[in-house]
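Coordinates in review
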Amino acid sequence: DAKTTQPPSMDCAEGRAANLPCNHSTISGNEYVYWYRQIHSQGPQYIIHGLKNNETNEMASLIITEDRKSSTLILPHATLRDTAVYYCIVSNAGGTSYGKLTFGQGTILTVHP
Amino acid sequence: DAGVTQSPTHLIKTRGQQVTLRCSPKSGHDTVSWYQQALGQGPQFIFQYYEEEERQRGNFPDRFSGHQFPNYSSELNVNALLLGDSALYLCASSWLDSGNTIYFGEGSWLTVV
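Right, let's walk through the structure included here. (Residues numbered from 1 in each chain as written. Chains lettered and ligands numbered in written order. Predicted model: local features only at pLDDT ≥ 70, side-chain atom pairs only at ≥ 80, totals over all residues. Heavy atoms only, no water.)

Structural notes on the overall build of chain B
Formally: In DSSP terms, a helix is any run of H or I states spanning at least four residues, a strand is any run of E spanning at least two, and both are numbered starting from the N terminus. As defined in this context, the radius of gyration uses C-alpha atoms, and a globule is described by 2.2 Å times the residue total to the power 0.38. Three labels apply to residues, based on accessible area from a 1.4 Å probe with only protein chains included: buried if under 20% of the type maximum, exposed if over 50%, partly exposed otherwise in between. Contacts are assigned to residue pairs that have any heavy atoms within 4.5 Å of one another. Charge assignment: positive for Lys and Arg, negative for Asp and Glu; neither His nor the chain ends contribute. Charge positions come from single atoms, namely NZ of Lys, CZ of Arg, CG of Asp or CD of Glu.
When its secondary structure is counted, chain B shows 0 helices and 11 strands. In sequence order, chain B lays out its α and β elements as β-β-β-β-β-β-β-β-β-β-β. For a compact globule of 113 residues, the expected C-alpha radius of gyration is about 13 Å, and chain B comes in at 13 Å, within 12% of that figure. Burial statistics for chain B: of 113 residues in total, 50% are counted as buried. Contacts in chain B between residues far apart in sequence, at least 24 positions, make up 53% of those at least 6 positions apart. Charge-centre separation for chain B: the mean point of 7 positive side chains lies 11 Å from the mean point of 11 negative side chains.

In structure tokens, the structure reads:
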């Protein structure tokens, strides 16, 4: 699986948009970009994933650049409950990777009042 | 619709003992993966089961073994426990198909003393 690079930490004011970047310059054509978050002592929570088109769901938006070498997770109106570690993962999570996700260190997002 | 469920939530074992952790996948999912998360680290892939067979394995010793049952539930067994096996053990489930969402349970906290 391709490796990802994320900033170790970011801050955001409550109510503002949180934009979390991720670089994945070695991504291959059949690899998806997944975002998960993990609140202390809980299991990782799925946020969103995409292949090459931008995606939006009730939690967030995922913007993938045209060359697919980077992406941005957008939380449109951050709340204190969004404080967590955010993981960007690229994986062909089916197929030959058989559901394997390779987690890096992630970005610690702190939302301030 | 129940998500991924794991048991027990917490347990304490002595060095040299054996432990069995259990996982029920999300309804409709046929694939189960196990991860180990040491304190302060991201989850590390242990192995994945599909059709009752181990399909892919991470860099873990043979002391770590598993099983998948016909109802898709799974067990993780760890023999000859070491202090370093103390961690959060996470179960994840999905369909075996590229790009599908992988959901995690809340994990089982194992402390080896």
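So, next bit.
Side note on the pairing of strand E7 (residues 70-75) of chain A
Residues and elements named next belong to chain A. For clarity, the threshold we go by: At least two DSSP bridges between two strands are required for those strands to pair.
Here strand E2 (residues 18-23) pairs with E7 via 6 bridges, running antiparallel. The partner of Asn23 across the bridge, within E7, is Ser70. Between strand E6 (residues 61-64) and E7, which pair antiparallel in sequence order, lie 5 residues; one of them, Arg68, sits at a positive phi of approximately 65 degrees.

Topic: the side chain of Ser74 of chain B
Residue and element names in this part refer to chain B. Applicable threshold: Counting of polar contacts relies on pairs of N or O atoms within 3.5 Å, with two restrictions inside protein: one atom must be capable of donating a hydrogen and the other of accepting it, and residues adjacent in sequence are counted only when both atoms are side-chain atoms.
Note that Ser74 resides in strand E8 (residues 74-78). By relative accessible area, Ser74 is classed as buried at 1%. Here Trp34 takes part through its side chain, which lies 2.9 Å from a polar atom of the side chain of Ser74. Excluding residues within four positions of it along the chain, Ser74 makes contact with Leu21, Arg22, Cys23, Val32, Trp34, His67, Gln68 and Phe69.

Brief notes about the packing of aromatic side chains
Stated formally: Between 30 and 60 degrees the pair is tilted, below 30 it is stacked and above 60 it is edge-to-face, where a pair is any two Phe, Tyr or Trp rings, Trp via its six-membered ring, whose centres lie within 6.5 Å. Only when the NZ of Lys or the CZ of Arg is both within 6 Å of the ring centre and within 35 degrees of the ring normal is a charge said to sit over the ring.
All chains considered together, the criterion is met by 14 aromatic pairs over all chains. Seen in terms of ring centroids, Tyr34 of chain A and Tyr36 of chain A are 6.5 Å apart; in terms of plane orientation they differ by 20 degrees. Their pairing is stacked. In terms of burial, Tyr34 of chain A and Tyr36 of chain A fall into one category: buried. Centre to centre, the rings of Tyr35 of chain B and Phe45 of chain B are 5.6 Å apart; their planes meet at 70 degrees, and the pair counts as edge-to-face. Of this pair, Tyr35 of chain B sits in strand E4 (residues 31-37) while Phe45 of chain B sits in strand E5 (residues 44-50); the two residues are 10 residues apart in sequence, bridging distant segments of the chain. Taken together through their ring pairs, the aromatic side chains of Tyr32, Tyr34, Tyr36, Tyr46, Tyr87 and Phe103 of chain A together with Tyr35, Phe45, Tyr103 and Phe104 of chain B make up a single cluster. A cation over a ring is seen here: Lys26 of chain B above Tyr103 of chain B, with NZ or CZ 5.2 Å from the ring centre.

Points about the sheet that holds strand E3 (residues 19-24) of chain B
All names here are of chain B. Under the convention used in this document: Lines are fitted to the C-alpha atoms to define the axes, a helix being fitted only along its stretch in contact, and any angle between axes, read from their N-to-C directions, falls within 0 to 180 degrees.
With antiparallel pairing, the 4 strands of this open sheet are ordered in space as E1-E3-E8-E7. Looking along the sheet, the strands with just one partner apiece sit at the ends: strand E1 (5-7) and strand E7 (64-68). Averaged over all pairs of adjacent strands, the angle between their axes in this sheet comes to 20 degrees, without regard to strand direction. Across 5 bridges, E7 lies against E8 in antiparallel orientation. Each residue of the ladder has a partner; that of Gly66, found in E8, is Leu76.

A closer look at the state of the cysteines
Stated precisely, the cut-off is as follows: Note that a disulfide, as used here, is simply two cysteine sulfur atoms within 2.5 Å.
Scanning the model with the defined rule gives 2 disulfides over all chains in all. For Cys22 of chain A, the disulfide goes to Cys88 of chain A, at an S-S distance of 2.1 Å. Judged by the sign of its S-S torsion, about -80 degrees, the bond between Cys22 of chain A and Cys88 of chain A is left-handed. Of this pair, Cys22 of chain A sits in strand E2 while Cys88 of chain A sits in strand E8 (residues 84-91), and the two are 66 residues apart along the sequence. Accessibility classification places Cys22 of chain A together with Cys88 of chain A in one group, the buried group. Between Cys23 of chain B and Cys91 of chain B runs a disulfide, and the two sulfur atoms are separated by 1.8 Å. Taking the sign of the torsion about the S-S bond as the criterion, the disulfide between Cys23 of chain B and Cys91 of chain B, at about -65 degrees, is left-handed. One end of the pair, Cys23 of chain B, is in strand E3; the other, Cys91 of chain B, is in strand E9 (residues 87-94), and 68 residues separate them in sequence.

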